[in-house]
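Each chain, written out:
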Amino acid sequence: MDLITENLLTILVLLPVVGALLTLGHAIFWKQEGGLKWITLGFTLVNFLLSLFLILDKGAASASGFFFEKNVPWIRAINTNYHVGVDGLSLWLVVLTTFIMPIAVLSTWHAIEKRPTAFYVFLLLLESAMLGVFVSLDLLVFYLFFEASLVPMFFLIGIWGGENRVYAAVKFFIYTALGSLLMLAAIIGLYYLHATATGVGTFDYVTLLNTMQAGALNFPAGSLNGTLLFFAFALAFAIKVPLFPFHTWLPDAHTEAPTAGSVVLAAVMLKMGTYGLMRFNFTLFPEASREFAYLFIILAIIGIIYGALVAMVQPDVKRLVAYSSVSHMGFVILGMFSFTELGMQGALYQMLNHGVSTGALFLLVGFIYERRHTRQISDFGGLSNVMPIYATIFVITAMSSIGLPFLNGFVGEFLIMLGMWNSTALSITSQVNWNYIATMFAGTGVIFAAVYLLWMIQRVFFGKITNQKNRGLRDLNWREIGLIAPLLFLMVYMGVYPRPFLEASKASVLAVQERVAGRQAGGTIEQANIHK
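This report concerns the structure included in the present document.

The rules behind the values
- Residues numbered from 1 in each chain as written.
- Predicted model: local features only at pLDDT ≥ 70, side-chain atom pairs only at ≥ 80, totals over all residues.
- Heavy atoms only, no water.
- Helix = DSSP H or I, 4+ residues; strand = E, 2+ residues; numbered from the N terminus.
- Rg over C-alpha atoms; globule rule 2.2 N^0.38 Å.
- Buried < 20%, exposed > 50% of the residue type's maximum accessible area, 1.4 Å probe, protein only.
- Contact = heavy atoms within 4.5 Å.
- Areas by Shrake-Rupley, 256 points an atom, 1.4 Å probe, with all protein chains shown as cover.
- Lys, Arg positive; Asp, Glu negative; His and termini not counted.
- Charge placed at Lys NZ, Arg CZ, Asp CG, Glu CD.
- Core = buried A, V, L, I, M, F, W, Y, C linked by side-chain atoms within 4.5 Å.
- Phe/Tyr/Trp six-rings, centres within 6.5 Å; stacked < 30°, edge-to-face > 60°.
- Pairing = 2+ DSSP bridges.
- Expected span 1.5 Å × (residues − 1).

Turning next to the overall build of the protein. Looking only at helices and strands, the protein has 24 helices and two strands in total. Relative to its length of 532 residues, the protein is compact, with a C-alpha radius of gyration of 22 Å against a globular reference of 24 Å. The dimensions of the protein, computed from C-alpha atoms along their principal axes, are 70 × 65 × 45 Å. Taking all 532 residues of the protein together, the buried fraction comes to 62%. Taking the intrachain contacts of the protein between residues at least 6 apart in sequence as the baseline, contacts between residues at least 24 apart amount to 79%. Counting every atom, the protein has about 19600 Å² of accessible surface; 67% of that belongs to carbon and sulfur. Positive and negative side-chain charges of the protein, numbering 29 and 26 respectively, have mean locations separated by a distance of 8 Å.

As structure tokens, then:
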């Protein structure tokens, strides 16, 4: 048991790779494709159960503040290590990843007929890469996992996607790969700057942070090196979020991806960007983060409003949900750059909320697409008459996405707006309280979310059946209800009792906040009284 605990993160990362090899071997040597989905489901379920040990048995943190830490030499010539660990920032994102993957597998149960072996192999490899991103504490290893996650998703979209799948896959790959190359240049730059300052180059995040905190390596406000390195990292992460105006790849990727691809992309892959900003930009470049906070807050507010307004006019349900992601992820960026405990905790919580709620919305869109092979809003109408269970679940999920009280979306957005209201990140002049103005503009995104989702629900589910093809539609079966049930449970549980999630991440969020901005008055969880 101790051996498993010591190597738990390595097991979580490598187990899907073992599953992919076994899946491939099963198809090659047994020449049977019927068991592939069961093998894939089995490995993803085991990985999820193992990830629960991260919550149940964290033990004592290491000196660097991480749990389940493993640090062994990898490439000695360049002083890079296999260094992994989790803390409050990454814990729930790891669990979210392992939780979503079995649901993604089950969503494809009867949908994948073309090249199922390759599909399930790519799905398992994608899980491994995403987990590697969230646990890596060596910048070079982080970069390799960050890039590795692009390849399986590229093929999932390009082979099993919709009519314009090749265009969407290439656009997704080019956008994200180009941003990542700038981050690689910044990582190499950090290596040599550390070598200049200490005589030894390193890619290790903890070592870099300790060197900076000791004063041997610093990037004061306005320094060219600090600014260039900050934006090289930030651009890679902003594209992944995606932050306006780098969002144009997302609607195409979501629209053309198969259901499983859309679920994983929305629930997990977008969080790699926001996680990277909070983990690396805030801690390695705190001065630049403060200096350019206003820029990210402005872009976040534009994204919130723009994404919501464009979502309103979408004729395609899936494309509507895709643009809603642009809006909701804008809230995450807003909370992060408030530099308050409330805002940053809310941002981390909203990452989880978005994964649950938007992942569920893409699942539900996939259910109806399998039945009608269309996602056009005009092709529906009155579905509640023939699919009452489906309509009920869709409405609850939409309410979660809107931010209805007692559902998960409310907690995250409430914390973010409280944090922004109390923030000093926009203290440009004492004559104008820009933080109040930013909060009020962001609040319109909640109103617009209600507009585009409720209007879509009204046109799709209520009124008379206007298309005769919809009269014979069957309601959700037990497999589909079982798929969506865990997500519905989390929507309610996280909305009613967020305390366990917030307390698990509190220490890590406070450490990042202390590093990037110092403790700000008026912005604590206790003052919001939200966890009681």
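Counting 196 residues, the largest nonpolar core has Leu190, Phe233, Leu284, Met336 and Leu487 as the members making the most contacts within it. It is helix 18 (residues 341–372) that contributes the most residues to this core, 16 residues altogether. If we skip the residues at most four places from it in the chain, leucine 190 touches Leu139, Leu208, Met212, Phe219, Leu229, Phe233, Leu284 and Phe285.

A full pass over the atoms with the stated rule returns 40 aromatic pairs. Considering the side-chain rings of tyrosine 205 and phenylalanine 280, the 5.4 Å spacing of their centres and the 90° angle between planes classify their relative orientation as edge-to-face. Linking tyrosine 205 in helix 10 (residues 205–213) with phenylalanine 280 in helix 14 (residues 271–284), this pair joins segments that are 75 residues apart in sequence. When sorted by exposure, tyrosine 205 lands in the same class as phenylalanine 280, which is buried. Ring geometry for phenylalanine 394 and phenylalanine 461: centres 5.0 Å apart, planes at 50°, overall tilted. Of this pair, phenylalanine 394 sits in helix 19 (residues 388–402) while phenylalanine 461 sits in helix 21 (residues 434–461), and the two are 67 residues apart along the sequence. Overall, phenylalanine 394 belongs to the buried group, its relative accessible area being 1%.

Of all seven residues that make up strand 2 (residues 80–86), six are buried, and the element is covered over most of its length. Pairing of strand 1 (residues 67–75) with strand 2 involves six bridges; the strand directions are antiparallel. Across the sheet, proline 73 pairs through a bridge with asparagine 81, a residue of strand 2. Connecting the antiparallel pair strand 1 and strand 2 is a turn made up of four residues, with asparagine 79 showing a positive phi of about 55°.

Right, let's talk about helix 21 for a bit. With 28 residues, helix 21 ought to run about 40 Å at 1.5 Å a step, and its terminal C-alpha atoms sit 41 Å apart, in line with that. Glycine 463 occupies a position one or two residues after helix 21 and carries a positive phi of about 85°.

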